[in-house]
Amino acid sequence: MSKFTIGVVVGSVRKGSINQKLADALAKLAGADFDFRAVKIDDLPLYNQDLDTDTPPESVARLRSEVRALDGFLFVTPEYNRTIPPLLANALHWASRPYGKNSWVGKPGALTGASIGPVGTGGAQGALRDLLGVLDIRLIGQPEAYVHVKDGTFAEDGSIADEGLKRLLQTKIDTFTAWVAQVSGK
Ligand SMILES: Cc1cc2nc3c(=O)[nH]c(=O)nc-3n(C[C@H](O)[C@H](O)[C@H](O)COP(=O)(O)O)c2cc1C
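Below is a summary of the structure that appears in this document. (Residues numbered from 1 in each chain as written. Predicted model: local features only at pLDDT ≥ 70, side-chain atom pairs only at ≥ 80, totals over all residues.)

**A closer look at the overall build of the protein chain**
Right, so step 1: In terms of helices and strands, the protein chain carries five helices and six strands.
Right, so step 2: Secondary structure of the protein chain in N-to-C order comes out as β-α-β-α-β-α-β-α-β-β-α.
Right, so step 3: Compactness check: the protein chain gives a C-alpha radius of gyration of 16 Å against a globular reference of 16 Å for 186 residues, within 12% of the reference.
Right, so step 4: If one aligns the C-alpha atoms of the protein chain with their principal axes, the spans along those axes are about 50 × 40 × 25 Å.
Right, so step 5: Here the protein chain holds 186 residues, and the buried ones make up 35% of them. (Helix = DSSP H or I, 4+ residues; strand = E, 2+ residues; numbered from the N terminus. Rg over C-alpha atoms; globule rule 2.2 N^0.38 Å. Buried ≥ 20, exposed ≤ 12 C-beta atoms within 10 Å, placed from the backbone.)

**Structural notes on the pairing of strand β3 (residues 72-76)**
Right, so step 1: Across the five residues of β3, five count as buried, placing the element largely inside the fold.
Right, so step 2: Neither face of β3 is left uncovered, since the one carrying Gly 72, Leu 74 and Val 76 and the one carrying Phe 73 and Phe 75 both have all their residues buried.
Right, so step 3: With five bridges joining them, strand β1 (residues 4-10) and β3 adopt parallel strand pairing. Looking across to β3, one finds that Val 8 is bridged to Leu 74. (Pairing = 2+ DSSP bridges.)

**Observations concerning helix α4 (residues 122-134)**
An α-helix turns once per 3.6 residues; consequently, residues spaced three or four apart project the same way.
Right, so step 1: End to end, α4 covers 19 Å across 13 residues, agreeing with the expected 18 Å (1.5 Å per residue, within 8%).
Right, so step 2: Ala 124, Gln 125, Leu 128 and Leu 132 are the residues of α4 that are buried. Along α4, the residues classed as buried sweep out an arc of 90 degrees about the axis, all on the same side. In this structure, α4 carries Asp 130, Gly 133 and Val 134 as exposed residues pointing more than 90 degrees from its buried face.
Right, so step 3: Looking at the buried side of α4, the elements it contacts are β3, β4 (108-115), β5 (138-139) and β6 (146-148). (Expected span 1.5 Å × (residues − 1). Arc of directions from axis to C-beta. Contact = placed C-beta atoms within 7 Å.)

**Some remarks on the packing of helix α2 (residues 58-69) against helix α3 (residues 86-95)**
Right, so step 1: At a closest axis distance of 9 Å, the pairing of α2 and α3 adopts a crossing angle of 75 degrees. With respect to α3, the element α2 is oriented roughly perpendicular. Every residue of α3 that contacts α2 at Val 60, Leu 63, Arg 64 and Val 67 is listed here: Ala 91, Trp 94 and Ala 95.
Right, so step 2: Looking at the contact of α2 with α3, its residues break down into six nonpolar, no polar and one charged. (Axes fitted to C-alpha atoms, helices over the stretch in contact; angles between N-to-C directions. Parallel < 35°, antiparallel > 145°, perpendicular 65-115°, else oblique. Nonpolar A, V, L, I, M, F, W, Y, C, P; charged D, E, K, R; others polar.)

**Structural notes on unusual backbone geometry**
Right, so step 1: Here the residue pair Arg 97 and Pro 98 is connected by a cis peptide bond, since its omega of 0 degrees sits within 30 degrees of zero.
Right, so step 2: Along the chain, Pro 98 falls in the loop between α3 and β4.
Right, so step 3: In this model, Gln 142 is joined to Pro 143 through a cis peptide bond whose omega is -5 degrees.
Right, so step 4: In this fold, Pro 143 is placed in the loop between β5 and β6.
Right, so step 5: Phi is positive for Asn 81, which is not a glycine, with a value near 50 degrees.
Right, so step 6: Along the chain, the position of Asn 81 falls in the loop between β3 and α3.

**Digging into the pairing of strand β2 (residues 34-38)**
Right, so step 1: Here β1 pairs with β2 via five bridges, running parallel. Each residue of the ladder has a partner; that of Thr 5, found in β2, is Asp 35.
Right, so step 2: Following the chain from β1 across helix α1 (residues 18-28) to the adjacent parallel β2, one finds a crossover that is right-handed. (Right-handed = clockwise from strand over helix to strand, strands pointing away.)

**Focus: the environment of Asp 33**
Right, so step 1: Here Asp 33 is to be found in the loop between α1 and β2.
Right, so step 2: Of the residues examined, Asp 33 has 13 C-beta atoms within 10 Å and is grouped as partly exposed.
Right, so step 3: In the structure, Asp 33 is positioned 89 residues away from Gly 122 in sequence and 30 Å away in space, judged by C-alpha atoms.
Right, so step 4: Filtering out sequence-adjacent residues up to four positions away, Asp 33 remains in contact with Ser 2, Lys 3 and Phe 4.

The structure is reproduced here in structure tokens:
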């Protein structure tokens, strides 16, 4: 049985999402002690403080308890107009509340993202890094991975075909999983 459970938060639920593809490929690079599981964020209502009562919507209560239980988080985001998609921002805000009960606090994290443009989600990752810092998520800083998806980035089976990128992502996953083990103290 895996010792650590990592939540994978992907900012796109589009069929054929390159970010989902990247998240799946990353999870396969980790050792057997780490179980990566998807955090569902597409059934949350749009954040409205009026809904944020002692009995929030069921999907929100589920997200918050899931976040509290997980050992760490891998965020994989598309870039929308140089920032993160509203789908991802919405989930981050829901689990940051109610005030004083931020479910993300202290959790180890890592972020990356894939885009079809040469910026490779540089703008989105910068915005996300700031937001995750405010939420008290303890991010690894290096290595950064800005993934520009082109022909030949992925193999037919979904693995990373670009050897240089694969080496970078392997280092990233190794650094992140070691950080999760250190922070969780298990
Ligand atoms: C509203 C919108 C804004 C976008 N803005 C950017 C952008 O700022 N930079 C970029 O590289 N790609 C941008 N794109 C293109 C995305 O990189 C591309 O759609 C990518 O496939 C989205 O990720 P996904 O496949 O995981 O859904 C944008 C796409 C949309 C729909």
